Amino acid sequence: MVRIILLLCLFSTSTFAKEFKQVKIAATRLSPAAKKIEQQAWWVYTYAQKYNIDPYIMLALIKVESNFDQAAVSDTGDYSLAQINYAVWNKELESKGMKLDYDKLQKNSSYAIEKMAIILSLIKKRHAKKDPHWYGRYHSNTKKYKKRYLKKVNHYLSKINTPNSRSIAQDN
């Protein structure tokens with residue numbers, strides 16, 4: 001019994017390491033000069049697993065939204081490398097018993113990436129059954145803007161060049 005548990009631990013650890021390595025390679029392909037890219041890839045991988053989101057989708061979204069710049073701020077009130085609209089999503093998250101911390105969102109990549117994963121899981125839960133391109137709603141629910149956004153996201157998914165990212169990009 002102990003041997004089986006040890007073998008399972010070794011297998012899951014090596015699978016885990018291999019999967020993370022692929023996410024790190026993908027992140028580096030998208031933004032080779034980004035500061036803290038390995039750390040950001042780790043958080044993407046970790047929170048993607050926790051919230052059942054494809055990490056390659058998260059990486060492509062971050063590339064489109066901010067080019068992995070934690071200090072990014074848009075003129076529409078979007079903050080961090082995840083470009084989360086504080087006013088829109090804080091209201092949504094508060095209705096679910098969660099809350100966005102404005103300062104952490106602006107300064108802490110791990111926090112921003114986790115909140116992005118939570119938001120994506122909400123969007124996925126609402127739309128994935130009827131919309132295979134549900135992640136395009138991260139930017140907008142408007143069909144016109146979603147289509148343009150998906151084009152950009154899929155461009156970066158194809159640059160990542162993993163079997164999973166190619167299949168997502170080709171489905172669009």
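Being a predicted model, the structure only gives us computed values, none of them experimental.

(A) Spotlight on the environment of Q39. Locating Q39 in the fold gives a position in helix α2 (residues 37-51). Classification of Q39 by relative accessible area gives partly exposed; the value is 38%. Separated by 70 residues in sequence, Q39 and S109 place their C-alpha atoms 8.9 Å apart.

(B) Up close: the side chain of S80. Following the sequence through the fold, S80 ends up in the loop between β1 (78-79) and β2 (84-85). Relative accessible area serves as the criterion here: at 1%, S80 is assigned to the buried category. Within the structure, the side chain of S80 is placed 3.1 Å from the backbone nitrogen of A82, a separation counted as a polar contact. When neighbours within four sequence positions are excluded, S80 is seen to be in contact with S66, D69, Q70, A72, L105 and A112.

(C) Layout of the packing of aromatic side chains. Summed over all chains, the structure comprises five aromatic pairs. With centroids separated by 5.7 Å and ring planes inclined at 90°, the aromatic side chains of W134 and Y135 adopt a geometry described as edge-to-face. Of the two residues, W134 and Y135, both sit in the buried class. An aromatic cluster is built from F20, W42 and Y45, whose rings are joined through pairwise contacts.

(D) Local environment of the packing of helix α3 (residues 55-66) against helix α6 (residues 109-127). The interhelical angle for the contact between α3 and α6, taken along N-to-C directions, is 115°, at an axis separation of 11 Å. Of the possible angle classes, the one that applies to α3 and α6 is roughly perpendicular. The way α3 lies across α6 gives a crossing that is right-handed. Contacts from M58, L61 and I62 of α3 reach α6 at I113, M116, A117 and L120. Taken together, the residues that form the contact of α3 with α6 break down as seven nonpolar, no polar and no charged.

Parameters at a glance
- Residues numbered from 1 in each chain as written.
- Predicted model: local features only at pLDDT ≥ 70, side-chain atom pairs only at ≥ 80, totals over all residues.
- Heavy atoms only, no water.
- Helix = DSSP H or I, 4+ residues; strand = E, 2+ residues; numbered from the N terminus.
- Buried < 20%, exposed > 50% of the residue type's maximum accessible area, 1.4 Å probe, protein only.
- Polar contact = N/O pair within 3.5 Å; in protein donor to acceptor, adjacent residues only side chain to side chain.
- Contact = heavy atoms within 4.5 Å.
- Phe/Tyr/Trp six-rings, centres within 6.5 Å; stacked < 30°, edge-to-face > 60°.
- Axes fitted to C-alpha atoms, helices over the stretch in contact; angles between N-to-C directions.
- Parallel < 35°, antiparallel > 145°, perpendicular 65-115°, else oblique.
- Left-handed = near helix turned anticlockwise from the far one by under 90°.
- Nonpolar A, V, L, I, M, F, W, Y, C, P; charged D, E, K, R; others polar.

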